[in-house]
Amino acid sequence: MSIKPQSIFSIPSTILGHGDFTYRVDEKWGMLDPSKFPVNNCHEMVMDRKKRMILLTDEPKNNVIIYDQSGKYLDSWTLNLPAAHGLTLVDEGDAEYLWIVDNGGRVLKTTLGGQIVTEIASPQQEGIYSEGMRYVPTETAVAPNGDLYIADGYGSQYFLHYDSAGNFTRKFGGDGHEDQQFKTAHGITVDQRRGKEPTLICTSRGHNSFKRFTLDGKYIETIFLPGAFVCRPVIDGDELYAGVCWSRLKYLEQMDNSGFVTILNAENKVVSNPGGTAPTYIDGELQLMVQNTPVFKHCHDVCIDQDKNIYVCQWNAGKSYPIKLIRV
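Since the model is a prediction, treat every value here as computed from it, not as a measurement.

1. Considerations on the overall build of the protein
Move 1: Per the secondary structure count, the protein includes 0 helices and 29 strands.
Move 2: In terms of overall dimensions, the protein is globule-like: its C-alpha atoms have a radius of gyration of 19 Å, near the 20 Å expected for 328 residues.
Move 3: By principal-axis analysis of the C-alpha atoms, the protein measures approximately 70 × 50 × 35 Å.
Move 4: Per-residue burial over the protein gives 55% buried out of 328 residues.
Move 5: Counting only contacts in the protein whose residues sit at least 6 apart along the sequence, the fraction spanning at least 24 positions is 46%.
Move 6: Between the averaged position of the 32 positive side-chain charges in the protein and that of its 40 negative side-chain charges there is a distance of 5 Å.

2. Brief notes about the sheet that holds strand β5 (residues 64-67)
Move 1: Strand order in the open sheet formed by 4 strands is β3-β4-β5-β6, and the pairing between neighbours is antiparallel. The sheet terminates laterally at β3 (42-47) and β6 (73-77), the two strands that pair on one side only. Direction aside, the axes of adjacent strands within the sheet are offset by 20° on average.
Move 2: Here strand β4 (residues 53-57) runs beside β5; their pairing, made up of 4 bridges, is antiparallel. Within the sheet, the bridge partner assigned to Leu56 lies in β5 and is Val64.

3. Some remarks on the sheet that holds strand β18 (residues 219-224)
One key point about sheets: their strands pair by backbone hydrogen bonds, in either a parallel or an antiparallel sense.
Move 1: Reading across from one edge, β15-β16-β17-β18 is the order of the 4 strands in this open sheet, with antiparallel pairing throughout. Since the sheet does not close on itself, it has two edges, and those belong to β15 (188-191) and β18, each with one partner. Going across the sheet, the axis of each strand differs from the next one's by a mean of 25°, ignoring polarity.
Move 2: Relative to strand β17 (residues 209-213), strand β16 (residues 199-204) runs antiparallel, the two sharing 5 bridges. Following the sheet pairing, Ile201 is matched in β17 by Arg212.

4. Some remarks on the pairing of strand β23 (residues 260-264)
Move 1: Of all the 5 residues making up β23, 5 are buried; the element is thus mostly covered by neighbouring parts of the structure.
Move 2: Residue alternation in β23 divides its side chains into two sets, Phe260, Thr262 and Leu264 and Val261 and Ile263, and both sets are buried.
Move 3: Taken together, the 2 bridges between β23 and strand β24 (residues 270-272) define a ladder with antiparallel strand orientation. In the sheet register, Leu264 faces β24, and the bridge partner there is Val270.
Move 4: Between β23 and β24, which pair antiparallel and follow one another directly, the connecting turn spans 5 residues, one of which, Asn268, has a positive phi of 60°.

5. Some words on the pattern of salt bridges
Any two side chains of opposite charge can pair, on the condition that their charged atoms come close.
Move 1: Using the criterion set out here, one finds 12 salt bridges in the structure.
Move 2: We note a salt bridge from Arg232 to Glu44, for which the minimum N-O separation is 3.6 Å. Of this pair, Arg232 sits in the loop between β19 (229-230) and β20 (234-236) while Glu44 sits in strand β3, and the two are 188 residues apart along the sequence. For the pair Arg232 and Glu44, a shared accessibility class is recorded, and that class is buried.
Move 3: In this structure, Asp301 engages Arg232 in a salt bridge whose closest nitrogen and oxygen atoms are separated by 2.8 Å.

Each value, and the rule that gives it
- Numbers given for residues are sequential positions, taken from 1 along each chain in its written order.
- In view of the model being predicted, local features appear only for residues whose pLDDT reaches at least 70, and side-chain atom pairs are presented and counted only at 80 or more, with totals across whole chains, interfaces and linings using the full set of residues.
- To obtain the side-chain values, all non-hydrogen atoms of the structure were included, while hydrogens and water were left out.
- Each helix is a run of H or I in the DSSP string that is no shorter than four residues. Each strand is a run of E no shorter than two, and both are numbered from the N terminus.
- Radius of gyration here is computed from C-alpha atoms only, and the compact-globule reference equals 2.2 Å multiplied by the residue count raised to the power 0.38.
- Classification of residues uses two cut-offs on accessible area relative to the type maximum, computed with a 1.4 Å probe and protein chains only: under 20% is buried, over 50% is exposed, and between them is partly exposed.
- Any two residues having at least one pair of non-hydrogen atoms within 4.5 Å are treated as being in contact.
- The charge count treats Lys and Arg as positive and Asp and Glu as negative. His and the chain ends do not count.
- One atom stands in for each charge, and that atom is NZ of Lys, CZ of Arg, CG of Asp or CD of Glu.
- Only strands joined by at least two bridges in the DSSP assignment are considered to pair.
- Axis definition: a line fitted to C-alpha atoms, over the contacting stretch in the case of helices. Angles run 0 to 180 degrees between N-to-C directions.
- Salt-bridge detection follows one rule: a side-chain nitrogen of Lys or Arg within 4 Å of a carboxyl oxygen of Asp or Glu.

Now the structure itself:
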């Protein structure tokens, strides 16, 4: 008699992660009828005041899908964006707003219901970029004073800084291998909790690293994550979380379907890799991290709820809906 092997998702006791950060996989969370609510890539997710989970997709039929935390559908809307990629929520006191980035070059501020409030002109239009420089934005972040930062992660590898009124202030970064430069400047966040002063944490995915800068664009340090092609940093409490889109499974090369999630503590030490190998430090240096359990394909973003559960959004994952990791 032959025994059919079980999928990892059919094993209820599947536990991912390490140390104090372990999780049970809920692969059925958020699954909808794809004929009514299709997704292509589930790029990013945020949680609003009402604890609704707001998902951004690059499917023009529904760029935004809103769930409750059980995975029940609540609402959806679209701006007909074919390459919606970055999603940032900002609470301005009177209301919450979304900054949405489309790889086609659009950076939009909207209400939670999808009404456009403002749009940032491209750096070519404003004379910020010289002729021939590419602009393919990927992400935004908003500082405590309302200043806006745009990551040109698939373009010229700069971070563009605007004041709260939308006036261009400066750019920093650029393509290269110097400490202050980037390879795939994919994500950015403002770190307001894990230091004496707010700083920027910027992704350099090709360098397997996050790079920390002052709010006025001065380089501070690199957080090297060998093997992990990280996407945007997400801070919750004292921890920094990130989706790893690829790792280096074989011959130390970037491999498809090799993603996992990584979690760093307040000292920027990796403490857990759900779906990946256990973090190991030798003489203070982090060793190579790769996928260990094939739950994920290409992790693109994570969102953390009030119970410290993780919602994992994926790129190039067979048009799958997000996966929920329940903290245990």
